[in-house]
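# Residue-level structural notes
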Amino acid sequence: ALLPRSSGGGRRSSGGADSPRSPPHSASKIFRFGAEVQNRPDRFRSALEVIADPRQEPGNDARTAALARPVPTKPSRILDAPDIVDDYYLNLLSWSSSNVLAVALANNVYLWNAATNEVSELLQLEQGDCVTSVSWAPGGSHLCVGTDSAAVQLWDASRMALVRSMRGHTARVGSLAWNPVSRCVNSGSRDALVLQHDARARQHRTATLVGHQQEVCGLSWSADGATLASGGNENYLCLWDAARSGQAQPSECAPRAIMRQHQAAVKALSWCPMHRNLLASGGGTADRTIKFWNAHTGAMLHSVDTGSQVCALLWSRHHKEIVSSHGFSQNQLCLWRYPSMTKLCELTGHTARVLHLAQSPDGETVVSAAADETLRFWSIFGGGPTSAARRKGRMRDMRLSSVGGEMSIR
């Protein structure tokens, strides 16, 4: 008989590779719609069965007081994610440009198609290994996977096949980031190195970035592919120039700048899509701040004490807003207006720290993954001018299609 997941939250990891692991769940047991509070004993009996829609629950009011648009404060859907590893230093969630969400659960990677709700298992590592990071390539067809056994794997999601396994690290690979211009991928590891890989080249390792002293837990490329930001467990935020790491021969590179203002591990990194050199970073439990940087000069522009561990950050593509996810004690998401950093609303419901965030291709929805073994989808960013034009066009088509009191909706 299939049993419900335990109420104790996700699989914990102290960072070691020797933590005991239970047998992996089959694809039929994951990404099923979950109830807000119920813990049903039959919850895994069929995949993607709708148990409850939080949008229909009483009290699901949109907060409008501080915003020009309504922002729902409850998730649009909740999916189960059994055995997600509870480890601050990992990056286990990525949403592709082709609208497919990749989630790492223990030694498996599952793909959820947001358009069709179809779930598929991309890979299963050998017992004793564990997936420690995932990141979609810019085109949305290939997924890079980091492992506890120090491998960087490239998978073709359309063929569900391994393309290449790239070595070079000597410890687990907890962070990955694709350069949107060069299409190379960088990997950050517990060995304190950042490696740059070109999977198209015979010798895939094109650069070694040396500057961190402990595990590299955050990586993010700027939209123009010119600057890589990396965060480490020694509290460093490093900036690297693509020009220095993109030389013809494999080379050892030093960071252009090291910022030491954080007082805890720096995992949360996000580049502002509206301002080229504006970077946001978040610190761990002993720091609790979101800091904003001019990446061109290395100057800190602003620092905000959030009151709790900052696990992830995402900028809105449509508004001057940023969302943060947090750990103890509220395990909440916070939506902030930039640059005033006025807190617009808090999104609650997770019962353990919210470790990961990812954004839909249209920029309207944010998904959060937490140690409570749930994924929650939040429609908080709204749409840009294109979305508004689409809605206006649909209303026009509906009016034009109305004939004799009968309406045909295209």
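Residues numbered from 1 in each chain as written. Predicted model: local features only at pLDDT ≥ 70, side-chain atom pairs only at ≥ 80, totals over all residues. Heavy atoms only, no water.

### Considerations on the sheet that holds strand E8 (residues 108-113)
Taken in spatial order, the 4 strands make up an open sheet running E6-E7-E8-E9, and their pairing is antiparallel. Of all the strands in the sheet, just strand E6 (93-95) and strand E9 (119-124) have a single pairing partner and so form its edges. The mean angle between the axes of side-by-side strands here comes to 20°, regardless of whether they run parallel or antiparallel. Note: strand E7 (residues 100-105) against E8, 6 bridges, orientation antiparallel. The partner of Leu105 across the bridge, within E8, is Asn108. (Pairing = 2+ DSSP bridges. Helix = DSSP H or I, 4+ residues; strand = E, 2+ residues; numbered from the N terminus. Axes fitted to C-alpha atoms, helices over the stretch in contact; angles between N-to-C directions.)

### Observations regarding the pattern of salt bridges
A side chain with one charge may pair with a side chain of the opposite charge, provided their charged atoms come close. Counted under the stated rule, the structure contains 10 salt bridges. A salt bridge links Arg159 to Asp156, with the nearest nitrogen and oxygen atoms 3.1 Å apart. Owing to a relative accessible area of 54%, Arg159 belongs among the exposed residues under this scheme. Taking relative accessible area as the criterion, Asp156 reaches 9% and is therefore assigned buried. Between Asp224 and Arg276 there is a salt bridge whose closest N-O contact spans 2.7 Å. Of this pair, Asp224 sits in the loop between strand E18 (216-221) and strand E19 (227-232) while Arg276 sits in the loop between strand E23 (266-271) and strand E24 (278-283), and the two are 52 residues apart along the sequence. Residue classification places Asp224 among the partly exposed positions, given a relative accessible area of 30%. For Arg276, a relative accessible area of 62% puts it in the exposed group. Here the salt bridges do not stand alone but share partners, grouping Asp87, Arg172, Arg190 and Glu215 into one network. (Salt bridge = Lys/Arg side-chain N within 4 Å of Asp/Glu carboxyl O. Buried < 20%, exposed > 50% of the residue type's maximum accessible area, 1.4 Å probe, protein only.)

### A look at the sheet that holds strand E10 (residues 131-136)
Taken in spatial order, the 4 strands line up as E10-E11-E12-E13 in an open sheet, and their pairing is antiparallel. Among the strands making up the open sheet, the edge pair consists of E10 and strand E13 (161-166). Strand-to-strand twist of the sheet, defined as the mean angle between neighbouring strand axes without regard to direction, takes the value 25°. Pairing analysis gives 5 bridges linking strand E11 (residues 142-147) to strand E12 (residues 152-156), with the strands arranged antiparallel. Paired with Cys144 across the bridge in E12 is Leu154.

### Observations regarding the nonpolar core
In terms of nonpolar packing, the biggest core is built from 36 residues, with Leu101, Val109, Leu111, Leu143 and Leu375 touching the most fellow members. Counting only elements with at least two residues in this core, the list comes to E6, E7, E8, E9, E10, E11, strand E32 (366-370) and strand E33 (374-378). One finds Ala312, Leu344, Leu347 and Val354 within the second-largest nonpolar core, a separate group that totals 16 residues. (Core = buried A, V, L, I, M, F, W, Y, C linked by side-chain atoms within 4.5 Å.)

### So, the environment of Tyr88
Here Tyr88 lies in the loop between strand E5 (85-86) and E6. In this structure, the C-alpha to C-alpha distance between Tyr88 and Leu355, residues 267 residues apart in sequence, is 6.3 Å. Look past the residues within four positions of Tyr88 in its chain and what remains in contact with it is Ala265, Lys267, Gly282, Gly283, Gly284, Gln309, Val310, Cys311, Arg353 and Leu355. (Contact = heavy atoms within 4.5 Å.)

### Focus: the environment of Lys267
Examined against the element boundaries, Lys267 turns out to sit in strand E23. For Lys267 and Cys217, which are 50 residues apart along the polypeptide, the C-alpha to C-alpha distance reads 5.2 Å. Those residues in contact with Lys267 that lie beyond four places of it in its chain are Tyr88, Leu90, Asn91, Cys217, Gly218, Gly282, Cys311, Leu355 and His356. A polar atom in the side chain of Lys267 sits 3.2 Å from the backbone oxygen of Tyr88. (Polar contact = N/O pair within 3.5 Å; in protein donor to acceptor, adjacent residues only side chain to side chain.)

### Overview of the pairing of E18
Burial of E18 is extensive: 6 of the 6 residues sit out of reach of the surface. As paired elements, E18 and E19 share 5 bridges and run antiparallel to each other. When the bridges of E19 are listed, Gly218 appears paired with Gly231.

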